[in-house]
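Coordinates in review
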Amino acid sequence: MSRLDVQSLTKSFGALKVTDDVSLTVEPGEIHAIIGPNGAGKTTLVAQLSGQLKPDSGRIRLDGADITGLSMPERVKRGLARSFQITSILPGFTVLENVALAVQARSGSSFRFFRPVAGDAALNDAAMEALTEAGLGDRAGVVASALSHGEHRRLELAIALATNPQVLLLDEPLAGVGGEDAEAFVARLRRFKGRFAMLLIEHDMDAVFALADRVSVLVYGRIIATGTPDEVRSDADVRAAYLGEEGEEMADA
Amino acid sequence: MSDVTTAPRAAPRAPAMAMRVKVALILFALFAVLPPVAVALGDPFMVLIATRILAYAIAAMALDLILGFGAMVSFGHAAYLGFGTYAVAILSSYGVNDLLLQMLGAVVVSAAFALVTGAISLRTRGVYFIMITLAFGQMAFFFFISLSAYGGDDGYGLSSRSTIFGSDVLENDMTLYYVTLGFLIALFAACHRIVGSRFGRVLTGIRENRERMEAVGFPPFRYQLTAFVISACITSLAGVLLANQAEFVSPAFMSWHRSGELIVMVVFGGIGTLTGAIGGAVVALLLEEWLGALTHHWPLLFGLILVLMVLFSPRGITGLLERTGLWRARK
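In this text the structure is predicted, and so the values were computed from the model without any measurement. (Residues numbered from 1 in each chain as written. Chains lettered and ligands numbered in written order. Predicted model: local features only at pLDDT ≥ 70, side-chain atom pairs only at ≥ 80, totals over all residues. Heavy atoms only, no water.)

**Thoughts on the overall build of chain B**
A count of helical and extended segments in chain B gives 13 helices and two strands. Taking 2.2 N^0.38 as the reference for a compact globule, 331 residues should give roughly 20 Å; the C-alpha atoms of chain B span a radius of gyration of 19 Å, in line with that estimate. Its C-alpha atoms put chain B at 55 × 45 × 40 Å along the principal axes. Here chain B holds 331 residues, and the buried ones make up 58% of them. Long-range contacts, defined as pairs at least 24 residues apart, comprise 79% of the intrachain contacts of chain B with a sequence gap of at least 6. (Helix = DSSP H or I, 4+ residues; strand = E, 2+ residues; numbered from the N terminus. Rg over C-alpha atoms; globule rule 2.2 N^0.38 Å. Buried < 20%, exposed > 50% of the residue type's maximum accessible area, 1.4 Å probe, protein only. Contact = heavy atoms within 4.5 Å.)

**Quick word on the packing of helix 4 (residues 99-121) of chain B against helix 5 (residues 126-145) of chain B**
Residue and element names in this part refer to chain B. Running from amino to carboxyl end, helix 4 crosses helix 5 at an angle of 150°, the nearest separation of the two axes being 9 Å. Pair helix 4 / helix 5 crosses with right-handed handedness. For the pair helix 4 and helix 5, the contacting residues are F113, T117, I120 and S121 in the first and F129, I132, T133, F136 and A140 in the second. A class-by-class count of the residues in the contact of helix 4 with helix 5 yields six nonpolar, three polar and no charged. (Axes fitted to C-alpha atoms, helices over the stretch in contact; angles between N-to-C directions. Left-handed = near helix turned anticlockwise from the far one by under 90°. Nonpolar A, V, L, I, M, F, W, Y, C, P; charged D, E, K, R; others polar.)

**Focus: the sheet that holds strand 1 (residues 4-13) of chain A**
All names here are of chain A. Here four strands make up an open sheet; going across it, the order is 2-1-4-5 and the pairing antiparallel. Two strands in the sheet have a free side with no partner beyond their single neighbour: strand 2 (16-26) and strand 5 (65-66). Across the sheet, helix 1 (residues 42-50) is in contact with strand 1, strand 2 and strand 4 (57-62); its angle to strand 1 comes to roughly 120°. (Pairing = 2+ DSSP bridges.)

**Description of the nonpolar core**
Core analysis: the largest hydrophobic core is formed by 163 residues, its most contacted members being L155(A), F31(B) and L184(B). By residue number, the principal contributor to this core is helix 2 (residues 45-70) of chain B, which donates 17 residues. Two domains each put at least three residues into this core: domain 1 (1-79 + 166-253) and domain 2 (88-164) of chain A. Among the nonpolar cores identified, the runner-up in size contains 22 residues, and I34(A), V46(A), L62(A) and L199(A) belong to it. (Core = buried A, V, L, I, M, F, W, Y, C linked by side-chain atoms within 4.5 Å. Domains from an automatic or database assignment.)

**With respect to the domain arrangement of chain A**
Residue and element names in this part refer to chain A. Along its sequence, chain A is carved into domain 1 (1-79 + 166-253) and domain 2 (88-164). On a C-alpha basis, the centres of domain 1 and domain 2 stand 26 Å from each other. Summing the contributions of domain 1 and of domain 2, the shared interface buries around 1100 Å²; its carbon and sulfur component is 58%. When the buried surface of domain 1 facing domain 2 is broken down by residue, F185, R188 and F192 rank first, second and third, together holding 35% of it. At the junction of domain 1 with domain 2, the criterion picks out one salt bridge. As a salt-bridge pair, R195 and E133 come within 2.6 Å of each other at their nearest N and O atoms. (Buried area = accessible area lost by both parts, 1.4 Å probe. Salt bridge = Lys/Arg side-chain N within 4 Å of Asp/Glu carboxyl O.)

**Section: the interface of chain A and chain B**
At the interface, 38 residues of chain A touch 29 residues of chain B. In this assembly, chain A and chain B are joined by two salt bridges. For the salt bridge of E156(A) with R212(B), the shortest nitrogen-to-oxygen distance reads 2.8 Å. Between the two partners, chain A and chain B, sit 17 residue pairs in polar contact (both at pLDDT 80 or more). Within the residue set of the side of chain A that touches chain B, elements represented by two or more residues are helix 2 (72-77), helix 3 (95-106) and helix 5 (149-162) of chain A. For the side of chain A that touches chain B, the residue count by class is 21 nonpolar, 10 polar and seven charged. (Polar contact = N/O pair within 3.5 Å; in protein donor to acceptor, adjacent residues only side chain to side chain.)

**Here we look at the sheet that holds strand 9 (residues 214-219) of chain A**
Residues and elements named next belong to chain A. In space, the six strands of this open sheet follow the order 6-7-8-3-9-10, with mixed pairing throughout. Pairing within the sheet leaves two strands with one partner each, and these edge strands are strand 6 (80-83) and strand 10 (222-227). Strand-to-strand, the axes of this sheet are offset by a mean angle of 20°, without reference to chain direction. Pairing of strand 6 with strand 7 (residues 167-171), which is carried by four bridges, proceeds in the parallel orientation. By the bridge assignment, S83 is partnered in strand 7 with L170. Relative to strand 7, helix 1 is tilted by about 150°, and along the sheet it contacts strand 3 (31-35), strand 6, strand 7, strand 8 (197-201) and strand 9.

**Considerations on a negative patch on the surface**
All names here are of chain A. Together, E180, D181, E183 and D206 give the surface a local cluster of negative charge. Counting residues per element, the negative patch draws most heavily on helix 6 (residues 179-192), at three residues. Its place among the elements puts E180 in helix 6. (Patch = residues over 30% accessible without salt bridge, like charges linked within 9 Å, V, L, I, M, F, W, Y side chains within 5 Å. Areas by Shrake-Rupley, 256 points an atom, 1.4 Å probe, with all protein chains shown as cover. Lys, Arg positive; Asp, Glu negative; His and termini not counted. Charge placed at Lys NZ, Arg CZ, Asp CG, Glu CD.)

Below, the structure written as structure tokens:
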């Protein structure tokens, strides 16, 4: 059974079909990448999968169970977590607190009013572990707003890891990250391969072809091709959709 | 709701928090020595004024719990002050004079009202939340205006203060003062614990970034509503004490002006600090006393001071003190 099974998802904003009959699966342990030009509807798709937006029609199943009607927190509880394209953190909290909250969300009730949470070793240890895995262990005590852009991206990842996902939706985790940072990030994601399934939305073609088991190409809200990286790279429709610079980049990758 | 709270606020860092607790302890110590000083100065009436200030400090602190830490600007919190005062008046007219029973009554009614109106208000955000809490506050206000059995608009004089286990110790102004101070200290400790608890961290997280909290698995509504109810209950306790101080209850305690004054106290002291709300209540009410003695047009002066405060120290007295360095927490 697929971990994540999306069937005929459709979403329109007025006359504009931003998600047009999208079906896809994410298999256990798989990294399924979604690429597509700007405005293809990638982020809208993630928003529907994560529960932020309601699709007009279609079904989303997680491990066979229909989750189409569930809210974002309910989906997270079932193991479907996401990271944001535009960093979304608690700016006034420390890095550790940001992650500890994600741990707290899945461990015990948060209707506890008296015991100080700051000294909760179980939360802090698990948070530290996620931070270390995301390559941010040495910044735990820093207030999150003081981090650099690259560090923010790693904090996004650490928070997502701390929710203990079964399926992780990564919305352009490399946005704005370049050079060595990007390479390190890709290496990190590769280490998580097999631990949980990932749906990777990404512009960075090097990253996509280095990581993905399967690639789907989204153009104008429609999936025009799905296959192994090699199949997709040689697909004539895909080449046509990626005319110009990105098309060349794709051929080179 | 973060779209309505203006000043960017960092979550309280541990050293800053510790410092604020210290300042609160200093305030409590000053409050504790006030009555003997007042007697020595030959001005025992000061104790009664101070009791009123302490009761408002409790209410302001309760409001800060949701306004400062939960980004919920309730413009109807005077309703809970009113429920507290009328719990004293109505229960005592039925022969229930015990302070704790009256407090229980105030808390039960306030929790029920806050649960229902909060659940509706929290469907909205920002300025709509402010307006809808105001509307509910006014509904409570007009209910008591029309409650002619208890004087309606004119209010209702209490024949005596509340008793504690059958004893009328509260008839002594000094005792009432220290009982009120005891409640302030205990409730401050409770609020401080709540803010630093698992629950408090979730509440503050929702203030900081609601979407992020949903994305890690927290549905904001239930946490915000719980905080709203807790805040309402604490405010009603302040009302019970206030009725005893004034020995009189009237709908004036729950008018929207009163709700506004509570917000002013919190802003004045520095939102999201608890200690600041206490200081804000003290300063706002003392200013009202002094400026009121100075001129009939005191609200003008008060307004001017408030404008200057918000312009030059958006974090209120707390921000002012922390900026002087005298009170700055060691890093």
